[in-house]
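Examining the three-dimensional arrangement
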Number of protein chains: 2
Amino acid sequence: MRKVAILGIGQTKIDEHWNKSLRELGGEAAFLAMQDAGMDKVDALYVGNMLSSMVSGQNQLGTFFSDWIGLWKQEAVKIEAACGSGAAALRSALMAVASGDVESALVVGVEKMTDKAGRDITAALATAADADYEAEQGVSFVGLNALVMRRYMREFSWKHEDFAPFSINAHANAMHNPYARLHEKVTVEKFEKSSMVATPINLLDASPVGDGAAAVIIVPAEKVTRKPRVVIAASAAATDTIAVHSRRDPLFLQAAYLSSRKAYDMAGVSPDQIDLFELHDAFSIMAALSLEASGFAERGQGVRLGLENAISPQGRLPVCTRGGLKARGHPVGATGMYQIVEVVQQLRGECGKTQVDGAKIGMAQNIGGSGATILTHILRIDD
Amino acid sequence: MRKVAILGIGQTKIDEHWNKSLRELGGEAAFLAMQDAGMDKVDALYVGNMLSSMVSGQNQLGTFFSDWIGLWKQEAVKIEAACGSGAAALRSALMAVASGDVESALVVGVEKMTDKAGRDITAALATAADADYEAEQGVSFVGLNALVMRRYMREFSWKHEDFAPFSINAHANAMHNPYARLHEKVTVEKFEKSSMVATPINLLDASPVGDGAAAVIIVPAEKVTRKPRVVIAASAAATDTIAVHSRRDPLFLQAAYLSSRKAYDMAGVSPDQIDLFELHDAFSIMAALSLEASGFAERGQGVRLGLENAISPQGRLPVCTRGGLKARGHPVGATGMYQIVEVVQQLRGECGKTQVDGAKIGMAQNIGGSGATILTHILRIDD
């Protein structure tokens, strides 16, 4: 496997983009990435997306975008792994470049959600769960996470407010990210008084949906002269049962454990060498579980990292440094690519007030479903 | 890129499987492929599918199947390129094994269509076209192909009955394929009297939808001792504009031309060395266009191969030897994998009355949309 580097990045602001179509959103991120890479053509296009057939009546999204952005002959394909679609598209692109068959690839994560009403989106998101055994019972996606959070609070004796630091940190960081959907400070009081969505998950535990796209260009590392050179040091994916109720332990993210361990091995690093971690805080409970399974906290102790203020950009393990899913926003199929773009921004030192000093190794973890598909990527500066 | 072989194959009969769920269909093909390969575990799973979110309310199909078939930890992902999803999934799997990151992969193409009424399926299939500029005008997928066929007939002075041999050959071959949906002989008279769908396309020009799944196991070629050893000699993908009206020449499949030329180069063969060609005869016009763009006929002369009886199993260029999309059936996201399985059957000499004598090199071409995404694979015996 040859070494692969990320040469260019691009992203749109996450918002309710009623004046931008699916085409325009994905195209904007793609053009920005190509501009940043100084390229006007690539061999192949990989698109991460979950909902376009249901929201926009559009499938075949690979060719839909290769056409729109003028890559009329190049190969193009769509990858779907629910909310893990973005990182899954990056991994497919990586395999193609690493194999030697493809010399350059554009990866676009894109999602247009707000063209449909909330009820339709809730139903569309439920397709990430098990249609026959979970969705059929009427449980929504947030409902599944609420069941997990309640069990976690009972099992490990945490109060709801103990989860506040995840939300507070994400919102504080998003204040300095112009691409973030929410620019609003959160306090413990606000967190506790927020409207309930599905007990115990309230509005400030949950990430907002949105429209957005993020993209990167990858090429063989040997071809990159740009400094710092950001390489993909590790890429790993793993799965669990699709239904939460089928798991021996619903409070342990097996796929996060497996994919992070494989990634550490591949990159030759240990968790304490990770300078920042863009984790998948779709709900605050997922932040805690991700930290635990990825080796940063003992079982049931993930929330402690927040309470000890270890997760801020100045802390021991900065997470969600650009706002995370919680405040940057969660356009589902695009999220994994936002995380990758943000890690690159950190390694390039472009993050201003939320810059992690001397960041050299960053990790991103993207989750599809209730922990069913999990991809972990480690990026590092390699000059 | 290391050489990759197909070790195992599996398929279900294509039918209206009202008593088998999406899970059971894909699982059946997967188990058969694993049994044929003599393996009970693989590193990674790639699922080709187009419609499951719209028909079955199920996304995240990679993990949906890795869970169902007991690959609980392995990575899994879904690939979508409309009716080209099957071959696109094979290509993604191939890249992963060729790169050295994955040692064995299961590829499943699966589609469950008949749970929805015809009107819903027509709308779902229209998501392969351009939602904003084609589907928005109310043109269905068969309607788009009808426009192309009419133009072709006028431009090159062919009559409707000149297309009959494609349908007759496909149906004759399907009589000997137990997995085919239709077992019914077609004659020129029947062909001409068949009900009209969208002028000039009638029922015997068009492939039937259906439920089905086909699967293969791929591994590095060096690990295969089974004889004959079937390797993937070439894999290539290319695209065109997504909307037919955007093309300079709507009668030329640019993506078939590009992907077939790349595949010939990669395999080091010329068209006249191809012993059989599983082409994408979703409509009879597509068979003609595919033959022309892939170098088997001059522009506008694809139908002549049928009229000259070159396409039968005993002909110069056997096509659709197991029934093709027309008679084996076209469960859209699974079709590309049926083609691959059928080429392997031919190279293994397992095709009985439709066996192509001494077949050593076979080609499969899978098309997404109206020629928008096209993948060409060449398989060969390499002992």
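Residues numbered from 1 in each chain as written. Chains lettered and ligands numbered in written order. Predicted model: local features only at pLDDT ≥ 70, side-chain atom pairs only at ≥ 80, totals over all residues.

Residues and elements named next belong to chain B. Two elements in contact, helix α4 (residues 85-99) and helix α13 (residues 332-348), have axes whose closest approach is 5 Å; the angle formed by their N-to-C orientations is 65 degrees. Residues S85, G86, A87 and L90 of α4 touch α13, and the partners they reach there are G333, A334, T335, G336, M337 and I340. Among the residues making up the contact of α4 with α13, the classes are represented as five nonpolar, five polar and no charged. (Axes fitted to C-alpha atoms, helices over the stretch in contact; angles between N-to-C directions. Helix = DSSP H or I, 4+ residues; strand = E, 2+ residues; numbered from the N terminus. Contact = placed C-beta atoms within 7 Å. Nonpolar A, V, L, I, M, F, W, Y, C, P; charged D, E, K, R; others polar.)

This part covers the confidence of the model for chain A. Chain-level statistics for chain A give a pLDDT mean of 97 and a share of 100% at 70 or above. Two numbers describe this predicted complex: its pTM, 0.98, and its ipTM, 0.98. (pLDDT = per-residue confidence, 0-100.)

A few words on the relation of the copies chain B and chain A. When chain B is fitted onto chain A, the two copies agree to an RMSD of 0.0 Å after a turn of 180 degrees and an axial shift of 0.0 Å. Read as a symmetry element, the transformation amounts to a two-fold axis. Of every C-alpha in chain B, the one belonging to S99(B) sits nearest the axis of rotation, 1.9 Å from it. When the interface residues of chain B are mapped onto chain A, 100% of them again lie at the interface, so the same face is used by both copies. (Least-squares fit on C-alpha atoms with pLDDT ≥ 70 in both.)

Look at helix α4 (residues 85-99) of chain A against α4(B): their axes get within 8 Å of each other, and the N-to-C directions meet at 50 degrees. With respect to α4(B), the element α4(A) is oriented oblique. For the pair α4(A) and α4(B), the crossing hand works out as left-handed. The segment α4(A) lies against α4(B), with S92(A), M95(A), A96(A), A98(A) and S99(A) engaging S92(B), M95(B), A96(B), A98(B) and S99(B). Residue classes in the contact of α4(A) with α4(B) are distributed as six nonpolar, four polar and no charged. (Parallel < 35°, antiparallel > 145°, perpendicular 65-115°, else oblique. Left-handed = near helix turned anticlockwise from the far one by under 90°.)

Take the pairing of strand β8 (residues 230-239) of chain B next. Residues and elements named next belong to chain B. Of all ten residues in β8, ten are buried, a share of seventy percent or more. Of the strand pairs in this sheet, β8 and strand β11 (residues 373-381) are connected by nine bridges, and their pairing is antiparallel. Its bridge partner being in β11, T239 is matched across the sheet by T373. (Buried ≥ 20, exposed ≤ 12 C-beta atoms within 10 Å, placed from the backbone. Pairing = 2+ DSSP bridges.)

Residues and elements named next belong to chain B. Tracing the chain through its elements places L182 in the loop between α7 (164-174) and α8 (188-193). Assessed through the 21 C-beta atoms surrounding it within 10 Å, L182 is described here as buried. Those residues within four positions of L182 in sequence are excluded, and the remaining contacts are H171, A174, P208, A327 and G329.

What follows covers the interface of chain B and chain A. Where the parts come together, the accessible area they lose is often given as the size of the interface. Listed by partner, the interface residues are 48 residues for chain B and 49 residues for chain A. For the side of chain B that touches chain A, the secondary structure elements donating two or more residues are α2 (52-56), α3 (61-68), β3 (75-80), α4 and β8 of chain B. Tallied by class, the residues present in the side of chain B that touches chain A amount to 22 nonpolar, 19 polar and seven charged.

Residues and elements named next belong to chain B. Extensive coverage of strand β4 (residues 105-111) is indicated by the burial of seven of its seven residues. Here β4 shows a buried face lined by A105, V107, G109 and E111 and a second buried face lined by L106, V108 and V110. Sheet analysis places strand β2 (residues 44-48) next to β4, joined by five bridges and oriented parallel. Each residue of the ladder has a partner; that of V47, found in β4, is V108.

Now for the nonpolar core. Among the nonpolar cores identified, the biggest contains 296 residues, and V107(A), I218(A), V107(B) and I218(B) are the most heavily contacted of them. Formed jointly, this core draws a minimum of three residues from each of two domains, domain 1 (4-117 + 211-223) and domain 2 (128-208 + 230-381) of chain B. Ignoring sequence-local partners within four residues, the contact set of V107(A) consists of Y46(A), A89(A), L90(A), A93(A), A215(A), V216(A), I218(A) and M337(A). (Core = buried A, V, L, I, M, F, W, Y, C linked by C-beta atoms within 7 Å. Domains from an automatic or database assignment.)

It is worth spelling out unusual backbone geometry at this point. The omega torsion of the bond from T199(B) to P200(B) falls at 5 degrees, within 30 degrees of zero and hence cis. Here P200(B) lies in the loop between β5 (196-198) and β6 (201-202). For the peptide bond that leads from K227(B) to P228(B), omega is -10 degrees, which places it in the cis range. Within the fold, P228(B) resides in the loop between β7 (212-220) and β8. Unusually for a residue other than glycine, A82(A) sits at a positive phi of about 55 degrees. Relative to the helices and strands, A82(A) is located in the loop between β3 (75-80) and α4. Under the C-beta neighbour-count criterion, A82(A) is labelled buried, with 29 such atoms within 10 Å.

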